Number of protein chains: 2
Amino acid sequence: MATIKQYIAEHENRFIEELFDLIRIPSISAKTTHKEDMIRCAEAYKALLLSSGFEKAEVMPTKGNPVVYAERIIDQALPTVLVYGHYDVMPAEPIELWKSGAFEPEIRDGHIWARGADDDKGQSMVQIKGFETALKLGYVNCNVKVIMEGEEEVGSPSLEEFCIEHKEKLRADIILVSDTSMISKDVPSICTGLRGLAYWEIEVTGPSHDLHSGHFGGAVANPINELCKLIAGLTDEDGKITIPHFYDDVEEMSPEEREMIKQIPFSEEDYKKFLKIDAVHGEKGYHTLERNSSRPSLDCCGIWGGYTGEGAKTVLPSKAYAKVSTRLVANQDFEKISIDFVKHIKSIAPDYIKVKVTPLHGGSPYICPTNLEVYKVAEEAFEVAFGKRPLARRSGGSIPIIATFERVLGLKSVLMGVGLESNAIHSPNENISIDIWKKGIEAVAEFYKRFGHK
Amino acid sequence: MATIKQYIAEHENRFIEELFDLIRIPSISAKTTHKEDMIRCAEAYKALLLSSGFEKAEVMPTKGNPVVYAERIIDQALPTVLVYGHYDVMPAEPIELWKSGAFEPEIRDGHIWARGADDDKGQSMVQIKGFETALKLGYVNCNVKVIMEGEEEVGSPSLEEFCIEHKEKLRADIILVSDTSMISKDVPSICTGLRGLAYWEIEVTGPSHDLHSGHFGGAVANPINELCKLIAGLTDEDGKITIPHFYDDVEEMSPEEREMIKQIPFSEEDYKKFLKIDAVHGEKGYHTLERNSSRPSLDCCGIWGGYTGEGAKTVLPSKAYAKVSTRLVANQDFEKISIDFVKHIKSIAPDYIKVKVTPLHGGSPYICPTNLEVYKVAEEAFEVAFGKRPLARRSGGSIPIIATFERVLGLKSVLMGVGLESNAIHSPNENISIDIWKKGIEAVAEFYKRFGHK
């Protein structure tokens, strides 16, 4: 019998052709003119899933673009894997910067170049072809379900409702997702955390109308000055966030996790050069790679008020506004944080201004514990495929749907993404290295070779 | 011989007609389409000054609109008064809110209604007709010169150069100006101070380009957060400005001045109601009427950066900006303050951001000491005309040209303005009470009756 590597090598050309067929359908969810392409793409995935070894597949309606569902149930007593991916892609603009057509996949320098080559057509194929490989070699000893959504790039507006409605159908033990990135081609990693988010708009009102700063300046509170004081006070000299109880639920990193972060190749000099800054800045006692992923942060994302045109117009404005966001980490509850924030701002606002705080958005953080049995299986699978034990690395960004899966379906996700920063997702000349792509397929197959076999 | 009151009563109708003739010329300096009206109006003032008793009058060119100059020299040994006023007016928009034509003066309810009824055609007529009255009654015992500029409403861009060029011609002992307001019709006052101004734009740069707040938030300084810290730190909990040496040259109010301020009718409740605020706020230890006129202030006039549209876009922006102004009081030097401010911001800016501070504007404060002999003459003149000793009151605003006169010509100005806040200068339905206008003329005549007679 062939090994996993051999099977992949033998079928590589077909795998690539199958991926190319998916890529050629411009399934751009952000543009309503592509509605028909969405359906075409969902149907193409359905056919592909059936030909890849799934026994049942269907295109299921949602409020928005349909979800493709597939399953291969071999024994209800065995554990079940739920694979998540998305078949929609970002728009290709600016078109003129592409070296080859965004929807005309091309191989150059050992890479596949096209919109979706990585995100998420290429990576979802890692899951599907990894499954096929394991299945054909007789390694699959679990039930496998798949959902491919068509609205990930527009914020997954229909998926939570879909999960609630089909909770029973989606019952599983673990979710596998290939939609994240590794540290580098030489440093394989598994994404073990995503930050959550809480976001507010603050409106400060001073006098009821704009005033002459000569006639009133000094005697009436200025809403911009006061807004600045409110925002300035949200972080202290040590870079800590001052909202009461903010850190109460923060799960401190384990010594093991901090040790692993130290192994990530990182040059502060290169980082500063890239950002053109003279110094990094963040929470005291933590490294840049901890600050941007495993620790919460507070950023004012926008601020405005008064005169913002050219020159020196004097005014004591009536209002000033800011948009403030926090990135949250395990186990912070964004709803609790949101309430605490509003309460805090209200409590520190002086009586000479009026302050309105409006929560605008929120999402839970996500963490995949590295001592989870299934994580260890994925880790081993990566080690076999990439020749190195993958580092566990949390990402600083947010993928709200992963936290939604945990909340609605009660399931942890293992984020087996094999993307690279250089893959230029969402940008012109998106690409994926065929070598890494094949190693990803191998890792998924190795996962099935181990999972459910004890 | 008639008294001053009698002369004014006898000639009232002519005075009003003369004012109406000036008002009917729409001398709007902000609009280039009114260039010819500016010349017409200057010529009309020249004719009026000659018919009012000045011996020489001329329309003198400047880089911009001409200056009307007039003089009546009776004896080089006698003191000389220089009268300053302006013949240009603000645009009349919004036209639809006027009850009668902006340039068709009308008398209703004892008021003259028209653009310029107060600012400054009506008030400059107070000076001219006050002089005429005193002259006709044989009271004038000094030399009198007049300059009427045509660009006050656009910031007097040509007047400083005019003063430098004609310094000898403008030689005088004191300047009289009627272009300010009194506390109320029942509380006559003389404006004894104007605040100066220093104004800067601050640009804070963090990373060289906008960043994903998930991937970088917490590890890279956010320029909005940092700008807020800079601005928040410019004032302390007592409402004091923290720029080093800022208060070094501030002239403290005399106990007498503070006593006079206490006599100004002021209801904090009405003030708060008018501004719809729950509390006033300013420098600890000072009253609202001191804070807004006799004490310096710091206002952020504008702020902007990051995402300011609808909703919850997350971004860690590259740049943030603010416009900061201070109002200065005697004897603060705006150039020194400006340098101190830039130095201070530079010194407190942390190394993880770049800060650029650009001075945009500045003007000196002005103070007319109430123990000045000529001030006492004006005070007596007001007391006779209005039946009450006028309060000395500083204004919180700035009229940069008054400080320029002091700097270039070395002359103090006595600000004999008889406007009222209800006169709605710069707004629709500008007006002046004929009764107060006549009292103003009387006060100027009473001034000449006293000045130069000892």
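From a predicted model like this one, the values you see are computed outputs, not experimental measurements. (Residues numbered from 1 in each chain as written. Chains lettered and ligands numbered in written order. Predicted model: local features only at pLDDT ≥ 70, side-chain atom pairs only at ≥ 80, totals over all residues. Heavy atoms only, no water.)

1. Considerations on the overall build of chain A
- Summing up its helical and strand segments, chain A has 13 helices and 16 strands in all.
- Taken against the 2.2 N^0.38 rule, which gives 22 Å for 454 residues, the C-alpha radius of gyration of chain A at 25 Å falls within 12% of a compact globule.
- For chain A, the spread of C-alpha atoms along the principal axes amounts to about 90 × 50 × 45 Å.
- Taking all 454 residues of chain A together, 60% fall into the buried category.
- Contacts spanning at least 24 positions in sequence make up 80% of the contacts within chain A whose residues lie at least 6 apart. (Helix = DSSP H or I, 4+ residues; strand = E, 2+ residues; numbered from the N terminus. Rg over C-alpha atoms; globule rule 2.2 N^0.38 Å. Buried < 20%, exposed > 50% of the residue type's maximum accessible area, 1.4 Å probe, protein only. Contact = heavy atoms within 4.5 Å.)

2. A few points about the sheet that holds strand β5 (residues 111-113) of chain B
Residue and element names in this part refer to chain B.
- Spatial strand order, β4-β5-β16: three strands in an open sheet with antiparallel pairing. Looking at which strands have only one partner, the edges of the open sheet turn out to be β4 (106-108) and β16 (431-433). The average undirected angle you get between the axes of adjacent strands in this sheet is 25°.
- Pairing between β5 and β16: three bridges, direction antiparallel. Each residue of the ladder has a partner; that of His111, found in β16, is Ser433.
- Against the sheet, helix α1 (residues 4-23) makes contact with β4 and β5, and its axis sits at roughly 20° relative to β5, the strand it touches most. (Pairing = 2+ DSSP bridges. Axes fitted to C-alpha atoms, helices over the stretch in contact; angles between N-to-C directions.)

3. With respect to the relation of the copies chain A and chain B
- Rotating chain A by 180° about the axis while translating it 0.1 Å along that axis superimposes it on chain B, leaving an RMSD of 0.2 Å. Viewed as a symmetry operation, the transformation between the two copies matches a two-fold axis.
- A shared binding surface is used by both copies, with 100% of the interface residues of chain A retained as interface residues in chain B. (Least-squares fit on C-alpha atoms with pLDDT ≥ 70 in both.)

4. Digging into the pattern of salt bridges
- Scanning the entire structure with this criterion turns up 66 salt bridges over all chains.
- A:Asp37 serves as the salt-bridge partner of A:Arg40, at 3.0 Å between the closest nitrogen and oxygen. Residue A:Arg40 and its partner A:Asp37 are both found in helix α2 (residues 35-51); the two are separated by three residues, about one turn of the helix.
- Relative accessible area serves as the criterion here: at 13%, A:Asp37 is assigned to the buried category.
- B:Glu168 serves as the salt-bridge partner of B:Arg171, at 2.9 Å between the closest nitrogen and oxygen. In this pair, the class of B:Arg171 matches that of B:Glu168, namely exposed.
- What emerges from the salt-bridge pattern is a single network uniting A:Arg14, A:Glu18, A:Lys129 and A:Glu132. (Salt bridge = Lys/Arg side-chain N within 4 Å of Asp/Glu carboxyl O.)

5. Focus on unusual backbone geometry
- Here the bond from A:Glu93 into A:Pro94 is cis, since omega is -5°, no more than 30 degrees from zero.
- Note on placement: A:Pro94 falls in the loop between β3 (80-86) and β4 (106-108).
- Although it is not a glycine, B:Ala424 sits at a positive phi angle of roughly 55°.
- Its location among the elements puts B:Ala424 in the loop between β15 (413-415) and β16.

6. Some words on the pairing of strand β10 (residues 297-306) of chain A
- Where burial is concerned, most of β10(A) is hidden: eight out of the 10 residues are buried.
- Two strands pair when backbone bridges link them, and β10(A) and strand β11 (residues 319-328) of chain A are joined in this way by eight bridges, in the antiparallel orientation. The residue of β11(A) that forms the bridge with A:Asp299 is A:Ser325.
- As paired strands, β10(A) and strand β10 (residues 297-306) of chain B are joined by five bridges and run antiparallel to one another. Across the sheet, the residue bridging to A:Gly302 is B:Gly306, located in β10(B).

7. Concerning the interface of chain A and chain B
- Taken residue by residue, the interface counts 74 residues in chain A and 74 residues in chain B.
- Counting each side, the surface lost to burial between chain A and chain B is near 5700 Å², with a carbon and sulfur contribution of 55%.
- If you sort the residues of chain A by the area they bury against chain B, A:Ala219, A:His281 and A:Ile303 come out on top, with a joint share of 11%.
- Remark: the boundary between chain A and chain B carries 44 residue pairs in polar contact (both at pLDDT 80 or more). (Buried area = accessible area lost by both parts, 1.4 Å probe. Polar contact = N/O pair within 3.5 Å; in protein donor to acceptor, adjacent residues only side chain to side chain.)

8. Some points on the sheet that holds strand β12 (residues 354-363) of chain A
- The sheet built from eight strands is open, its strands ordered β12(A)-β9(A)-β11(A)-β10(A)-β10(B)-β11(B)-β9(B)-β12(B) with antiparallel pairing. In this open sheet, the two edge strands, each paired with only one partner strand, are β12 of chain A together with β12 (354-363) of chain B. Averaged over all neighbouring strand pairs, the angle between strand axes comes to 20°, with direction disregarded.
- As defined by bridge partners, strand β9 (residues 196-205) of chain B adjoins strand β11 (residues 319-328) of chain B across 10 bridges and the pair is classed as antiparallel. Opposite B:Tyr199, over in β11(B), you have B:Ser325 as the bridge partner.

9. What about the UniProt feature "domain: Peptidase M20 dimerisation" (unreviewed entry) in chain A?
- As annotated by UniProt and renumbered to match this structure, "domain: Peptidase M20 dimerisation" (unreviewed entry) occupies residues 192-352 of chain A.
- Segment residues 192-352 of chain A splits into 30% helix and 20% strand. End C-alpha atoms: 46 Å apart. (UniProt positions renumbered as here; feature names shortened; annotations may be inferred.)

10. Digging into the packing of aromatic side chains
- All told, the structure shown has 26 aromatic pairs over all chains when counted by the stated rule.
- Ring centres of B:Trp304 and B:Tyr321 lie 5.1 Å apart, and the angle between their planes is 10°; this geometry places the pair in the stacked category. Taken together, the residues B:Trp304 in strand β10 and B:Tyr321 in strand β11 connect sequence positions 17 residues apart.
- Where B:Phe382 meets B:Phe386, the ring centres are 5.3 Å apart and the plane angle is 35°; that geometry is what we call tilted. Highlighted residues: B:Phe382 and B:Phe386, both in helix α11 (residues 373-386), separated by four residues, approximately one helical turn. Per residue, the accessibility class of B:Phe382 equals that of B:Phe386, and both read buried.
- Three or more aromatic residues joined by ring pairs form one cluster here, namely A:Phe54, A:Phe131, A:Phe447, A:Tyr448 and A:Phe451.
- Between A:Lys240 and the ring centre of A:Tyr247, over which it is positioned, the NZ or CZ distance is 5.2 Å. (Phe/Tyr/Trp six-rings, centres within 6.5 Å; stacked < 30°, edge-to-face > 60°. Lys NZ or Arg CZ within 6 Å of the ring centre and 35° of its normal.)

11. Details of the packing of α1(B) against helix α3 (residues 121-136) of chain B
Residue and element names in this part refer to chain B.
- Where α1 meets α3, the closest approach of the two axes is 10 Å, and the angle between their N-to-C directions is 140°. One way to sum up the angle between α1 and α3 is to call them oblique. Both α1 and α3 take part in a crossing whose hand is right-handed. Across the interface between the two elements, Ile4, Tyr7, Ile8, Arg14, Phe15, Glu18, Leu19, Leu22 and Ile23 of α1 pack against Lys121, Gly122, Met125, Lys129, Glu132, Thr133 and Lys136 of α3.
- Tallied by class, residues from the contact of α1 with α3 come to eight nonpolar, two polar and six charged. (Parallel < 35°, antiparallel > 145°, perpendicular 65-115°, else oblique. Left-handed = near helix turned anticlockwise from the far one by under 90°. Nonpolar A, V, L, I, M, F, W, Y, C, P; charged D, E, K, R; others polar.)

12. What to know about the side chain of B:Asp179
All names here are of chain B.
- Checked against the element boundaries, Asp179 lands in the loop between β7 (174-177) and β8 (189-194).
- Buried charge without a salt bridge: Asp179, with Arg115 as the nearest opposite-charge side chain at an N-O distance of 11 Å.
- Only 3.4 Å separates the side chain of Asp179 from the side chain of His86, close enough to count as a polar contact.
- When near neighbours in sequence (up to four residues on either side) are disregarded, Asp179 contacts His86, Asp119, Asp120, Gln123, Glu152 and Gly417. (Lys, Arg positive; Asp, Glu negative; His and termini not counted.)

13. Some points on the environment of A:Ile264
All names here are of chain A.
- Turning to its location among the elements, Ile264 is positioned in the loop between α7 (255-262) and α8 (268-275).
- Along the sequence, Ile264 and Ala392 sit 128 residues apart, while their C-alpha atoms lie 9.7 Å from each other.
- Beyond its immediate chain neighbours, meaning those up to four positions away, Ile264 contacts Ile183, Leu289, Leu391 and Arg393.

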